[in-house]
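Residue-level structure breakdown
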Amino acid sequence: MSRLFRRKDDVPKRSLWQRFKDVVSTDVSVLFKGVDQGSLEALETLLIQSDFGVTTSLALVADVERRHKRGEVKSEVEFRRALADGVEAALRKGNSNPALLTNSTGPTVVLVIGVNGAGKTTFIGKLSASFRAQGKNVLLGAADTFRAGAIDQLRVWAERAGVDFVGGAPGSDPASVAYDAVDAGVTRGVDIIIVDTAGRLHTSDDLMTELRKIHRVIGKRLPDAPHEILLVLDGTIGQNALSQARTFSAAVPVTGVVVTKLDGTAKGGIVVAVHEALDVPVKFVGLGEQIGDLEPFDAAEYAKELVET
């Protein structure tokens, strides 16, 4: 995941560690001694500002301090390593396996949810292209029948990726479209069925009711489906993403998180905060608009790049 925070045409961005060095620059000795009370307080503040959340931030700082007291953190390099180890450990707690769940006896159904603007449809296009590159037969279901242009947008992605497509008329019942997509996928013997959904504001009770109905209807056509429910979050919106995550997970059983528009310099901590709040793995990160701009999530690489110099 070497492209986690940057692509070759991006303006260079400053890592979390570079921002930390700015904060403690009035005491240059910190960068050589490694840890003192001032640097720990500065780190705590920066982690909270970077949307790790208060609980996680305090735990990460406490871990660095413990390692310092054991004599393991005496320099800048060791300080950075300790912080990276703490971030990686937080991402590996609980349910953290990024591998996609699959159905061994028929099509695997992936339900994709999230608010409008988070990048759901683009993610679906990139995910379907990835499956096609693996030799899988894929079908896309356009169950977002409310947003203007959503059906056509998904159809374009289906054409670009070379996969099947099922859609209804604008304004038609989303659950019916989802049912038809799963039915078509089963009938055609495809490997993967990916269903898009509407994403009006996550505070809408009607939207959550609709998602629950889609979930039930899919299960009626194919028992145990959907096998994956992936929540797409905009990584630049910080704590609002955490609020969205909690609301969606209360409506349907989210199995994984996809973080788009990931920026490790400002809001990168939200990845850790969402994982810990929901106890679900981060499975993918979106890096751009191109069809190949999708990376499986790697906790070690994520933590390393957060604190690179």
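Reading guide: rules and limits
Residues numbered from 1 in each chain as written. Predicted model: local features only at pLDDT ≥ 70, side-chain atom pairs only at ≥ 80, totals over all residues. Heavy atoms only, no water. Axes fitted to C-alpha atoms, helices over the stretch in contact; angles between N-to-C directions. Helix = DSSP H or I, 4+ residues; strand = E, 2+ residues; numbered from the N terminus. Parallel < 35°, antiparallel > 145°, perpendicular 65-115°, else oblique. Left-handed = near helix turned anticlockwise from the far one by under 90°. Contact = heavy atoms within 4.5 Å. Nonpolar A, V, L, I, M, F, W, Y, C, P; charged D, E, K, R; others polar. Pairing = 2+ DSSP bridges. Buried < 20%, exposed > 50% of the residue type's maximum accessible area, 1.4 Å probe, protein only. Right-handed = clockwise from strand over helix to strand, strands pointing away.

Following both chains from N to C, one finds helix α6 (residues 120-133) and helix α7 (residues 150-161) inclined at 20°, their axes separated by 9 Å at the closest point. Taken together, the axes of α6 and α7 lie roughly parallel to each other. Considering the relative orientation of α6 and α7, their crossing is right-handed. Here T121, T122, I124, G125, K126, S128, A129 and R132 of α6 come into contact with α7, specifically with Q153, L154, W157 and A161. Partitioning the contact of α6 with α7 into residue classes produces five nonpolar, five polar and two charged.

Turning our eyes to something else, we now look at the environment of G94. Summarising the element assignment, G94 is placed in the loop between α5 (76-91) and β1 (108-113). Through-space distance from the C-alpha of G94 to that of L278 is 9.9 Å; in sequence the pair is 184 residues apart.

If you walk across this open sheet you meet the eight strands as β3-β2-β4-β1-β5-β6-β7-β8, and the pairing is mixed. What marks the edges here is a single partner per strand, and that holds for β3 (164-167) and β8 (294-296). Here the average twist between neighbouring strands, direction ignored, is 20°. Taken together, the three bridges between strand β7 (residues 282-286) and β8 define a ladder with antiparallel strand orientation. Following the sheet pairing, G286 is matched in β8 by L294. Where α6 meets the sheet, its contacts fall on β1, β2 (138-142), β4 (192-196), β5 (228-234), β6 (256-260), β7 and β8, and the angle it forms with β4 comes to roughly 175°. Sheet contacts for helix α9 (residues 205-221): β1, β4 and β5; angle to β1, the most-contacted strand, approximately 175°.

The buried fraction of β6 amounts to five of the five residues, a majority that puts the element mostly inside the structure. The two faces of β6 match: G256, V258 and T260 on one face and V257 and V259 on the other face are all buried. Taken together, the five bridges between β5 and β6 define a ladder with parallel strand orientation. Bridging across to β6, V232 finds its partner in V258. What joins β5 to β6 is helix α10 (residues 239-251), and the crossover it makes is right-handed. For β6 and β7, the ladder comprises three bridges, and the chain directions are parallel. Bridge pairing in β7 links V258 to F284.

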